[in-house]
Every structure is written in C-alpha cells, then in structure tokens.
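Chain residues, written in single-letter form:
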Amino acid sequence: MSWEALDEEIARWRDAGRTVDFWWRDDDAVALSSPVQQLLKLSSTSGVPLALAVIPLGAAPALFEELRASVLLHGTDHRNRAAAGEKKTEFPSYEPDSEALARLAAARERLEQLAGASFLAVLAPPWNRFKRSLVARLPECGLHGISGFGPRQTGEQGVAQVNTHVDIIDWKSRRFMGEEAALRAALKHLSARRNGSADTLETTGWLTHHELHDAPTWVFLERLFERTRASGARWADAKGLFPSRA
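Quick summary incoming for the structure in this document.

About the thresholds
Residues numbered from 1 in each chain as written. Predicted model: local features only at pLDDT ≥ 70, side-chain atom pairs only at ≥ 80, totals over all residues. Heavy atoms only, no water. Buried < 20%, exposed > 50% of the residue type's maximum accessible area, 1.4 Å probe, protein only. Helix = DSSP H or I, 4+ residues; strand = E, 2+ residues; numbered from the N terminus. Pairing = 2+ DSSP bridges. Salt bridge = Lys/Arg side-chain N within 4 Å of Asp/Glu carboxyl O. Axes fitted to C-alpha atoms, helices over the stretch in contact; angles between N-to-C directions. Left-handed = near helix turned anticlockwise from the far one by under 90°. Contact = heavy atoms within 4.5 Å. Nonpolar A, V, L, I, M, F, W, Y, C, P; charged D, E, K, R; others polar. Phe/Tyr/Trp six-rings, centres within 6.5 Å; stacked < 30°, edge-to-face > 60°. Core = buried A, V, L, I, M, F, W, Y, C linked by side-chain atoms within 4.5 Å.

**Digging into the pairing of strand β3 (residues 70-73)**
Every regular strand shows the same layout, with side chains that alternate between the two sheet faces.
Phase 1 of the analysis: The side-chain alternation of β3 yields two buried faces, one formed by Ser 70 and Leu 72 and the other by Val 71 and Leu 73.
Phase 2 of the analysis: Where strand β2 (residues 51-54) and β3 come together, four bridges link them in parallel fashion. In the strand pairing of β3, Ala 51 is matched with Ser 70.
Phase 3 of the analysis: One ladder, built from two bridges, connects β3 with strand β4 (residues 119-123); its direction is parallel. Counterpart to Val 71 in the pairing with β4 is Phe 119.

Pasting the structure below:
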C-alpha cells in the first residue's frame, strides 16, 4: 500500500460524486502532557478537528484550560475489571448493569463540569469493549453516543454510533504499526463503504494514542492530514457526527 493508492481511492469516490470523509479520535488523555500539547498543535496547524477521549476520574482540571478539541468520555477510570477468561474491559460481564450505569453517570457529570462546552455526551469505552446490553441504556446516564472500533452494526435507537477503523498502534509492540499497514486499514474501510459491504454513511475513523507516539508516528500523521486535505478528503468534527440527542 502507498500514498498513491490512497489518492486513487479518494479519486474513485470523487468520480462517483462522493467525498471521502474521515474523523480523528485520540484515547487515554488525563493531563496537559507534552504529547497532548503536540496533539493540539497538530490539530490546529493541520486544520483537522480532534476528539479527545478523556479518562474522567483521572483528569486534571488544567487539561481543559483553553482546550480546542471535543471531549469524549473514556469510560470512568480505565481500570481493567475483566473476569477470568475475559478480554480486558472496564465493564465486565459480572457487574450489574445498574452499577455500571451509576459509575458512568457520575463520571459523565464530572467530565461535563470540567470540559464545559467542549464535552460531547459520547462514550468511548476503554479497549473499545462495552456490554451490548448497556448500549440502549446509555441515555439513562446522560450519554447519547458511543464510539468503538470496527465497522458499526445495527445501532440502538436513541444512541448515535460512529466508530474508529484505523488504530495506528501495533499493540504487540506498542509502537506505530507503520505507514503501509495504516494505509491498508484505511483503504479497506473506504473500499467497503464505496462498494456497500460496510455502512456507507459511517465516517472512517482514525484512532491514535498520544503517549505511545514516536517521531515516525507524528511524521505520518502530519503527512496524512496534509495529503488527504490536498486530495479533497474532508475531516469531520465530532460535534457534527454526534448530535446532542441521537
């Protein structure tokens, strides 16, 4: 896979009278660290809106001073509560739904107070795992959107779902997956949307994790934003993807 292949896919959409659209979500924010500052600078200089998934119970108030990004709820405390045999999750099968919803409601209230107008009532669950039985009940705790990973399936009434589809981190090495692998993942989702094998209306999402970014990661993101915008792709603001009420 190459940048030229991405240009060609964008051109196919254009020839069909359509515009490629992307969005950008970054996970695990708690403080105004150097990597977060670099994220915000990159968002500003590139003109690409950032959706920052913040861990509410660990968030420092200083993070939100003059923050120019949308804020999503990254679970409650990002603690792995998985039972034996379960994959990592903050919302395990054994936890009563009422307890999980109460935790989420308290976390939402805290993050909304901290982030103010930047806060979107959207859950981005840690490890992108959440109990299916709870999705339809998210409005009970003031949440009206959810963002996970992978092509979305049938949504729940009252809850908007827009996922991410390209995680640029290789979790075996915990480093950048590399340019070729990242572009391949993006092309896979774009092609599936174009031919109708995936939801044609779900904006293709890029997922980053600022604390794990090395120099090649930042270089890739700069090039991605510059090249796609020059090719006519649109980078959507999460505020437009997730209405305040689904």
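**Here we look at the pattern of salt bridges**
Phase 1 of the analysis: Considering all chains together, one arrives at 18 salt bridges under this definition.
Phase 2 of the analysis: A salt bridge links Glu 4 to Arg 227; the nearest nitrogen and oxygen atoms lie 3.7 Å apart. Taken as a pair, Glu 4 in helix α1 (residues 3-15) and Arg 227 in helix α6 (residues 215-230) lie far apart in primary sequence, 223 residues in all.
Phase 3 of the analysis: For Glu 4, a relative accessible area of 44% corresponds to the partly exposed category.
Phase 4 of the analysis: Arg 227 sits in the partly exposed class, given a relative accessible area of 21%.
Phase 5 of the analysis: Notably, a salt bridge pairs Glu 140 with Arg 137, separated by 2.9 Å at the nearest N-O pair.
Phase 6 of the analysis: The exposure class of Glu 140 is exposed, given its relative accessible area of 54%.
Phase 7 of the analysis: Relative accessible area serves as the criterion here: at 31%, Arg 137 is assigned to the partly exposed category.
Phase 8 of the analysis: Connected via shared salt-bridge partners are Glu 4, Asp 7 and Arg 227.

**What about the packing of α1 against α6?**
Phase 1 of the analysis: Running from N to C, α1 and α6 point in directions that differ by 30 degrees, and their axes come no closer than 11 Å. When the axes of α1 and α6 are compared, the crossing they make is right-handed. Note on element contacts: α6 touches α1 through Phe 220, Arg 223, Leu 224, Arg 227 and Thr 228, opposite Trp 3, Glu 4, Leu 6 and Asp 7.
Phase 2 of the analysis: By residue class, the composition of the contact of α1 with α6 is four nonpolar, one polar and four charged.

**Concerning the packing of aromatic side chains**
For any pair of aromatic rings, geometry is given as the distance between the ring centres together with the angle between the planes.
Phase 1 of the analysis: Tallied over the entire structure, the rule returns nine aromatic pairs.
Phase 2 of the analysis: When the centroid spacing of 5.0 Å and the interplanar angle of 40 degrees are considered together, the rings of Phe 22 and Trp 235 count as tilted. Residue Phe 22 is found in strand β1 (residues 21-29), and its partner Trp 235 is found in strand β11 (residues 234-235); the two are separated by 213 residues along the sequence. The residues Phe 22 and Trp 235 share a single accessibility class, namely buried.
Phase 3 of the analysis: With 5.2 Å between their ring centres and 40 degrees between their planes, Phe 176 and Phe 220 make a pair best called tilted. One end of the pair, Phe 176, is in strand β9 (residues 175-176); the other, Phe 220, is in helix α6, with 44 residues separating them in the sequence.
Phase 4 of the analysis: Under the relative-accessibility criterion, Phe 220 is labelled buried at 3%.
Phase 5 of the analysis: One aromatic cluster in this structure is built from Trp 3, Phe 22, Trp 24, Phe 176, Trp 206, Phe 220, Phe 225 and Trp 235.

**Section: the nonpolar core**
Phase 1 of the analysis: Membership of the largest hydrophobic core comes to 58 residues, with the highest contact counts inside it found for Trp 206 and Phe 220.
Phase 2 of the analysis: For this core, the element with the highest residue contribution is helix α3 (residues 97-115), accounting for six residues.
Phase 3 of the analysis: With 13 residues, the next largest nonpolar core counts Ala 51, Val 162, Ala 236 and Ala 238 among its residues.

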